[in-house]
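# What the coordinates show
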Amino acid sequence: MPPRKIIIDTDPGQDDAIAILLALGSPDDITLLGITAVAGNVPLSLTEKNARIVCELAGRTDMKVFAGCDAPLKRKLVTAEHVHGKTGLDGPVMDDPTMPLQDQHGVDFLIETLRAEPSGSVTLCPIGPLTNIAAAFQKAPDVVERVQEIVLMGGAYFQVGNITPAAEFNIYVDPEAAKIVFGAGVPLVVMPLDVTHKALATKSRVDAFRNMNTKVGDMVSAWTSFFERFDKEKYGSAGAPLHDPCTIAYLIQPDLFKGRHINVEIETTSDLTLGMTVADWWRVTDRPANATFMNDLDADGFFALLTERLARL
Ligand code: BDR
Ligand code: CA
């Protein structure tokens, strides 16, 4: 099979950074057409900069990085420095990037690319709030049917919420955007907290990154060591959950994941449950299925794949 063409839409974030590296380390499986940054974990000025830092780390100064939306469609931005640190990529010391940011707006890049590539040949991988994707669908409704698939990180059912008792961060930050994306009719694969909380970077897995003895291995081990403190304290978990790389791993090795094709709706009105992904896991409604909602992964297989691909960089 030829490599799958994708665009990563992202708010780096240590786990976003590792997702980008996994894609860049897998050129036989994935052709990364570009990276669109969105405001999320930290403001846009930092997420676009962090995306460029990651590309430079992988030696890919040719990669096109675009800045997209700097705020959710209708709400004030909520950020997550309490998880990712002030820069969004806290942990190791990093140099500022020298590669340029593209002039074009990220939303226009999404639209232009979907129009230029054959219909049904481009997959979108959003791993931050869904603002850029929804903005592209609103601005150019003709591109919606041209998307091959959307494979995103967001939401939760059994784990319920991480930013509020009822909502996961990416969906909570821009629930109106999430509603547009989940209602667009595009084939959708969702990596919720139910699966990403099983992708834990335990000590032996972090040691495997460090033992690569490469710059990428050192950075990834430093990022996961920084990022783990939050989840260890909150959930008592054995390491940092690598949420976002689950999307890229799915594109490379889908059999690592298990889930159900079900209906998922987004709550946009209730103050109490804003941003909740109301997943009909038990199929108790007649609402049509609109997403493959994952809830399990082969964690050892996932880390074997990740370690092997990062070692190529
Ligand atoms: C999601 O929120 C961000 O903090 C992570 O990068 C991930 O995309 C997890 O809720
Ligand atoms: Ca993210």
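Let us look at the structure shown here. Quick caveat, the model's predicted, so the values are computed rather than measured.

## Comments concerning the overall build of the protein
- The number of helices and strands found in the protein is 12 helices and 12 strands.
- Here the protein has a C-alpha radius of gyration of 18 Å; the compact-globule value for 313 residues is 20 Å, and the two agree.
- The burial tally for the protein puts 58% of its 313 residues in the buried class.
- In the protein, once contacts between residues fewer than 6 apart in sequence are set aside, the share between residues at least 24 apart is 82%.
- As displayed, the protein has an accessible area near 12,200 Å², and 51% of this comes from carbon and sulfur atoms.
- Taking the average place of the 28 positive charges on the side chains of the protein and the average place of its 41 negative ones, the gap between the two points comes to 1 Å.

## A look at the coordination of the calcium ion (ligand 2)
- Taken together, the protein donors to the calcium ion (ligand 2) comprise D11 (OD), D16 (OD), D16 (OD), I127 (O) and D244 (OD), at separations of 2.2 to 2.6 Å.
- When the donor residues of the calcium ion (ligand 2) are listed from N- to C-terminus, their spacing reads D-x4-D-x110-I-x116-D. Placement of D11 in the loop between strand 1 (4–10) and helix 1 (14–24) and of D244 in the loop between strand 8 (240–241) and helix 11 (245–252) is noted, with a sequence separation of 233 residues between them.

## Quick notes on the site of ligand 1
- In the vicinity of ligand 1, 13 residues are found, and the nearest of them are D15, N41, H84, E168 and D244.
- Taking D15, its side chain carries an N or O atom lying 2.7 Å from an oxygen atom of ligand 1.
- In the model, an oxygen atom of ligand 1 is placed 2.9 Å from a nitrogen or oxygen of the N162 side chain.
- Taken atom by atom, the bulk of ligand 1 overlaps the largest cavity.

## A word on the nonpolar core
- Core analysis: the largest hydrophobic core is formed by 65 residues, its most contacted members being W223, I248, F257 and F302.
- When residues in this core are grouped by element, the largest group, 8 residues, is from helix 1.
- Ranked by size, the runner-up nonpolar core spans 37 residues in total, among them F66, V107, V122 and I266.

## A look at the packing of aromatic side chains
- As enumerated under the stated definition, the model contains 7 aromatic pairs in all.
- In this structure an aromatic cluster arises from ring pairing among Y157, F158, W281 and W282.

## Thoughts on unusual backbone geometry
- Of the consecutive residues P12 and G13, the connecting peptide bond is found in the cis state with omega at -5°.
- By the element assignment, G13 lies in the loop between strand 1 and helix 1.
- If you check the backbone angles, V160 has positive phi at about 60° while not being a glycine.

## Quick word on the packing of helix 1 against helix 2 (residues 44–57)
- At a minimum axis separation of 10 Å, helix 1 and helix 2 run at an interaxial angle of 40°. Comparing their axes, helix 2 and helix 1 come out oblique. Helix-helix and strand crossings are classified by hand; for helix 1 and helix 2 the assignment is right-handed. Of helix 2, the residues touching helix 1 (which contributes A17, I20, L21 and L24) are V54, C55 and L57.
- Classifying every residue of the contact of helix 1 with helix 2 by side-chain character gives 7 nonpolar, no polar and no charged.

## A closer look at the sheet that holds strand 5 (residues 147–153)
- Here 8 strands make up an open sheet; going across it, the order is 3-2-1-4-5-6-12-9 and the pairing mixed. With one partner strand each, in any of the chains shown, strand 3 (65–67) and strand 9 (257–262) form the two edges of the open sheet. The sheet shows a mean angle of 25° between the axes of neighbouring strands, taken without regard to direction.
- When strand 1 meets strand 2 (residues 30–37), the two strands line up parallel, connected through 7 bridges. Across the sheet, residue D9 finds its bridge partner in strand 2, namely T36.
- Along the sheet face, helix 11 touches strand 1, strand 2, strand 4 (122–126), strand 5, strand 6 (188–191), strand 9 and strand 12 (291–297) and points at about 140° away from the line of strand 5.

## Examining helix 11
- In terms of residue burial, helix 11 counts as a mostly covered element, since 8 of its 8 residues are buried.
- All buried positions along helix 11 are accounted for by P245, C246, T247, I248, A249, Y250, L251 and I252.

The rules behind these values
Throughout this document, residue positions are counted from 1 along each chain, in the order its sequence is written. Written order determines the labels here, with chains lettered from A and ligands numbered from 1. The model is predicted, so local features are restricted to residues of pLDDT at least 70 and side-chain atom pairs to those at 80 or more, both for listing and for counting; the totals for chains, interfaces and linings are taken over all residues. Computation of side-chain values covers all heavy atoms of the structure but excludes hydrogens and water. Secondary structure follows DSSP: runs of H or I at least 4 residues long count as helices, runs of E at least 2 residues long count as strands, and numbering of each begins at the N terminus. Only C-alpha atoms enter the radius of gyration, while the globule expectation follows 2.2 Å times N to the 0.38, with N the number of residues. Each residue is assigned to one of three classes by its accessible area relative to the maximum for its type, calculated with a 1.4 Å probe on protein chains only: buried under 20%, partly exposed between the two thresholds, exposed over 50%. Should any heavy atoms of two residues lie within 4.5 Å, those residues are counted as being in contact. All accessible-area figures derive from a Shrake-Rupley calculation using a 1.4 Å probe, and residue coverage is judged against the displayed protein chains alone. Note that His is not counted, nor are the chain ends; the positive residues are Lys and Arg, and the negative ones are Asp and Glu. For charged residues, the charge sits on one atom: NZ in Lys, CZ in Arg, CG in Asp, CD in Glu. Excluding water, the donors of a metal are its N, O and S neighbours within 2.8 Å, or within 3.2 Å for Na, K and Ca, and that exclusion means sites may look incomplete. A single heavy atom is enough: if one lies within 4 Å of a molecule or strand, its residue is considered near that molecule or strand. Here a polar contact means two N or O atoms within 3.5 Å. Within protein one must be a hydrogen donor candidate and the other an acceptor candidate, and residues neighboring in sequence count only if both atoms are side-chain atoms. The rule is simple: put a 1 Å grid over the protein atoms alone, call a set of points where a 1.4 Å probe fits but cannot get out a cavity, call an open set with protein on both sides within 12 Å along at least five of seven lines a pocket, and count a residue as lining if it has an atom within 4 Å of a point. Whether a molecule lies in a cavity or pocket depends on its atoms, and more than half of them have to be within 2 Å of the grid points. By nonpolar core we mean a set of buried residues, namely Ala, Val, Leu, Ile, Met, Phe, Trp, Tyr and Cys, connected to one another through side-chain atoms within 4.5 Å. Aromatic rings from Phe, Tyr and Trp, taking only the six-membered ring of Trp, are treated as a pair when their centres fall within 6.5 Å; an angle between ring planes under 30 degrees marks them as stacked, one over 60 as edge-to-face, and anything in between as tilted. Under this scheme, a helix contributes an axis fitted over its contacting stretch, all axes are lines through C-alpha atoms, and angles between N-to-C directions fall in the 0 to 180 degree range. Orientation categories follow fixed angle ranges, with anything under 35 degrees roughly parallel, anything over 145 roughly antiparallel, 65 to 115 roughly perpendicular, and all other angles oblique. With the far helix as reference, a near helix turned anticlockwise by less than a right angle produces a left-handed crossing, and one turned clockwise produces a right-handed crossing. Note that Gly is not counted as nonpolar here; it falls among the polar residues with everything else outside the nonpolar set of Ala, Val, Leu, Ile, Met, Phe, Trp, Tyr, Cys and Pro and the charged set of Asp, Glu, Lys and Arg. Being paired, for any two strands, means DSSP has found at least two bridges between them.

The values are spatial; any link to function lies outside them.
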